[in-house]
Amino acid sequence: MSVANLITILRGALIAPVVVLFLSGERIAAGVLFAVVCAGDIVDGMVARARGEVTALGKALDPIVDKALYVSLLSSLLVLREIPPWTYAAFLVPQFGLGIGAIVLHLRHRETQAARWLGKGASLLSFLGLLFLLVRWPGGLEIFVAAVALTYIAGVDYFLAARSLGTTS
């Protein structure tokens, strides 16, 4: 197994501790560990590219870990009534859409779409919004709502790019 994939698996293993820390009231510790897990997302990609270890498993596993982390924390925030339900639902819709789109693209054309700048921007804003919400810094919900809006725009961008991928094969 590649080093990058091991980092991704470690990131996945840290999801439960982040949630447990958060739910037990250790918000700063949860925020720090959340930031470490998110930084690991950058590191695993850099390691995979630097070592020539970009794998199909890594391309599939990395976004799954990201979604599991975000959905776990958002579910916790929802249960604690710290975010409105519409925010949670608005986040989930494009995530399912992007996931289904990736599966369809792979099954029909044996293609995996690379990350795009709008998607990376939405991910960065999502990270910041969630971090602010976790540690109760002001503006967290507003940042997160902006991230969700950008995710919809990124979804359109991915769809248009996927259409061109599908027509070239």
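Moving on: the nonpolar core. Counting residues in hydrophobic clusters, the biggest one holds 28 residues, and the most contacted among them are Phe-34, Leu-69, Tyr-70, Leu-73, Leu-74 and Leu-130. Elements with a minimum of two residues in this core: helix H2 (15-23), helix H3 (27-50), helix H4 (56-79), helix H5 (85-109), helix H6 (117-135) and helix H7 (140-168).

Right, let's get into the side chain of Thr-8. Inspection of the secondary structure puts Thr-8 in helix H1 (residues 3-13). Assessed through its relative accessible area of 2%, Thr-8 is described here as buried. Not counting residues within four places of it along the chain, the set of residues in contact with Thr-8 comprises Asp-44, Leu-61, Asp-62 and Val-65.

A few words on unusual backbone geometry. You will see that Arg-81, though not glycine, has its phi angle at about 60 degrees, which is positive. Within the chain, Arg-136 stands out as a residue other than glycine whose phi angle is a positive 60 degrees. With respect to the helices, strands and loops of the structure, Arg-136 is situated in the loop between H6 and H7.

An α-helical segment advances 3.6 residues per turn. Residues three or four places apart therefore align on the same side. Helix length check: H3 (24 residues) gives 34 Å between terminal C-alpha atoms against 34 Å at 1.5 Å per residue, within 8%. If you check which residues of H3 are buried, you get Arg-27, Ala-30, Gly-31, Leu-33, Phe-34, Val-37, Cys-38, Gly-40, Asp-44, Gly-45, Val-47 and Ala-48. In this fold, the buried residues of H3 make contact with H1, H2, H4 and H6. Phi for Gly-52, located one or two positions after H3, is positive at around 65 degrees.

Relative orientation of the contacting elements H2 and H3 amounts to 160 degrees, with a least axis distance of 7 Å. Between H2 and H3, the interaxial angle falls into the category roughly antiparallel. As for the relative orientation of H2 and H3, their crossing is left-handed in sense. Here Pro-17, Val-18, Leu-21 and Phe-22 of H2 lie close against H3, whose contacting residues are Arg-27, Ala-29, Ala-30, Leu-33, Phe-34 and Val-37. Class assignment of the residues belonging to the contact of H2 with H3 gives a composition of 9 nonpolar, no polar and 1 charged.

What counts as what
- Residues numbered from 1 in each chain as written.
- Predicted model: local features only at pLDDT ≥ 70, side-chain atom pairs only at ≥ 80, totals over all residues.
- Heavy atoms only, no water.
- Core = buried A, V, L, I, M, F, W, Y, C linked by side-chain atoms within 4.5 Å.
- Buried < 20%, exposed > 50% of the residue type's maximum accessible area, 1.4 Å probe, protein only.
- Helix = DSSP H or I, 4+ residues; strand = E, 2+ residues; numbered from the N terminus.
- Contact = heavy atoms within 4.5 Å.
- Expected span 1.5 Å × (residues − 1).
- Axes fitted to C-alpha atoms, helices over the stretch in contact; angles between N-to-C directions.
- Parallel < 35°, antiparallel > 145°, perpendicular 65-115°, else oblique.
- Left-handed = near helix turned anticlockwise from the far one by under 90°.
- Nonpolar A, V, L, I, M, F, W, Y, C, P; charged D, E, K, R; others polar.

The quantities given are spatial measurements derived from coordinates; they are silent on function.
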